[in-house]
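Fold and contact review
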Amino acid sequence: MTDVTGAPADVLHTLFQSDQGGHEQVVLCQDRASGLKAVIVLHSTALGPALGGTRFYPYATEAEAVADALNLARGMSYKNAMAGLDHGGGKAVIIGDPERDKTEELLLAYGRMVASLGGRYVTACDVGTYVADMDVVARECRWTTGRSPENGGAGDSSVLTAFGVYQGMRASAQHLWGDPVLRGRKVGIAGVGKVGHHLVRHLLDEGAEVVITDVREEAVRRVLDQHSEVTAVADTEALIRLEGLDIYAPCALGGALNDRSVPVLTATVVCGAANNQLAHPGVEKDLADRGILYAPDYVVNAGGVIQVADELHGFDFDRCKAKAAKIFDTTLAIFARAKADGIPPAAAADRIAEQRMAEARAAR
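On a predicted model such as this, the values are computed, not experimentally measured, just so you know. (Residues numbered from 1 in each chain as written. Predicted model: local features only at pLDDT ≥ 70, side-chain atom pairs only at ≥ 80, totals over all residues. Heavy atoms only, no water.)

A closer look at helix 2 (residues 62-82)
Taking 1.5 Å per residue, 21 residues should reach 30 Å; helix 2 reaches 30 Å between its end C-alpha atoms and fits that length. Most of helix 2 is tucked away: 15 of the 21 residues are buried. Once helix 2 ends, the next one or two residues include Gly 84, with phi positive near 75°. (Helix = DSSP H or I, 4+ residues; strand = E, 2+ residues; numbered from the N terminus. Expected span 1.5 Å × (residues − 1). Buried < 20%, exposed > 50% of the residue type's maximum accessible area, 1.4 Å probe, protein only.)

See the structure below:
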């Protein structure tokens, strides 16, 4: 069923629901000359201009693309609030195969679309987009971060994303085992692309045992060639069932924690870089009922957004790394709030983020 606009009715229903939606603005973008089809979503600007990356992905349907953008933008509001940034949440998705459809003309057209929002949305990299792409987008849009150092940017934000996830793991270990040290812990990483392969290095440096998997054989081979002590398994299904697994790190696409994976998960901690890891409401309770500690994804993967936000003020890597290191304390505070309120950590993080956004709206 469709609305009079032609958009699927369930998408519009989600958009205007206050609990799952509440988004401020959705922009549908098209440039026939370049083939651009994109969705830009601003969930909230209560704390400041919406900040979030651009995902380039071959969605099966336009409705799927809109739904993903809505979810991702909402997550960015919470992520930016918990990271202490003066930014709201936004996200953009470009519909298409980045290997086949990405062109300079398309990226320039996309830059013009972002620029038309006049600074209400600040974009950056995400799945399927890279620093070089942001350099192109920036030629048409001043509100572009994640650019190369040669073009006044901070470069690859996955470096600090991985560092933040590592801090979240340390906080999880502190909370659960009374010691933040990860030496001797078995950590399984699903997805060793932009963020995952940096996370491998942090864990090995501390003496953790690392097991990896990725749908792309070349990504696995790159890690194994660089780190002979790492082992690989065939797929995520094998990884989550691995005997003796202490920490599971989903670092690919969302929905990794679902009705199929949670019941068979052997790890006692979940802490990874992927966005929207909980496939649907209620999964966080399923994890808690099984005694699995979940470090909320948008809290621990905030290192990247901390980095790109700093670009707007004159990038300083040491300053950003110091901010990202505080993810350790923020994660511990969430676990403490969850225990005090008798709720899962994901719900505790939501409460803290919502409080900050509500206070900002009330102060206007």
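Moving on from the model shown.
A short note on the confidence of the model for the protein chain
In the predicted model, the protein chain carries a mean pLDDT of 93, and the fraction of residues at 70 or more is 95%. Within the model, the stretch residues 1-6 combines pLDDT values under 50 with 8 contacts to residues more than four positions away or in other chains. (pLDDT = per-residue confidence, 0-100. Contact = heavy atoms within 4.5 Å.)

A word on the environment of Arg 120
Tracing the sequence through the fold places Arg 120 in the loop between helix 4 (104-115) and strand 6 (121-122). Between the alpha carbons of Arg 120 and Ala 347 there is a distance of 28 Å; along the sequence they are 227 residues apart. When sequence neighbours within four positions are dropped, the list of residues in contact with Arg 120 reads Glu 24, Gln 25, Leu 42, Thr 45, Pro 49 and Ala 50. At 3.4 Å, the side chain of Arg 120 forms a polar contact with the side chain of Glu 24. (Polar contact = N/O pair within 3.5 Å; in protein donor to acceptor, adjacent residues only side chain to side chain.)

Structural notes on the pairing of strand 7 (residues 186-190)
Strand 7 sits mainly inside the fold: 5 of its 5 residues count as buried. Pairing analysis gives 5 bridges linking strand 7 to strand 8 (residues 209-213), with the strands arranged parallel. If you follow Gly 188 over to strand 8, its bridge partner there is Val 211. With helix 7 (residues 196-206) bridging strand 7 and its parallel neighbour strand 8, the resulting β-α-β unit is right-handed. (Pairing = 2+ DSSP bridges. Right-handed = clockwise from strand over helix to strand, strands pointing away.)

Here's the deal with helix 15 (residues 345-362)
Taking 1.5 Å per residue as the helical rise, helix 15 with its 18 residues ought to reach 26 Å, and the 26 Å between its terminal C-alpha atoms agrees with that figure. Of the positions making up helix 15, those classed as buried are Pro 345, Ala 346, Ala 348, Ala 349, Ala 353, Met 357 and Ala 360.

So, the packing of aromatic side chains
The geometry of two aromatic rings is summed up by the distance between their centres and the angle between their planes. Within the structure shown, the criterion is met by 3 aromatic pairs. Seen in terms of ring centroids, Tyr 57 and Tyr 59 are 5.1 Å apart; in terms of plane orientation they differ by 70°. Their pairing is edge-to-face. The partly exposed category is assigned to Tyr 57, whose relative accessible area is 28%. On the basis of relative accessible area, Tyr 59 is assigned to the buried category, the value being 9%. Above the face of the Trp 177 ring, Arg 185 is positioned so that its terminal group lies 3.8 Å from the ring centre. Lying across the ring of Tyr 130, Lys 194 places its NZ or CZ 4.6 Å from the centre. (Phe/Tyr/Trp six-rings, centres within 6.5 Å; stacked < 30°, edge-to-face > 60°. Lys NZ or Arg CZ within 6 Å of the ring centre and 35° of its normal.)

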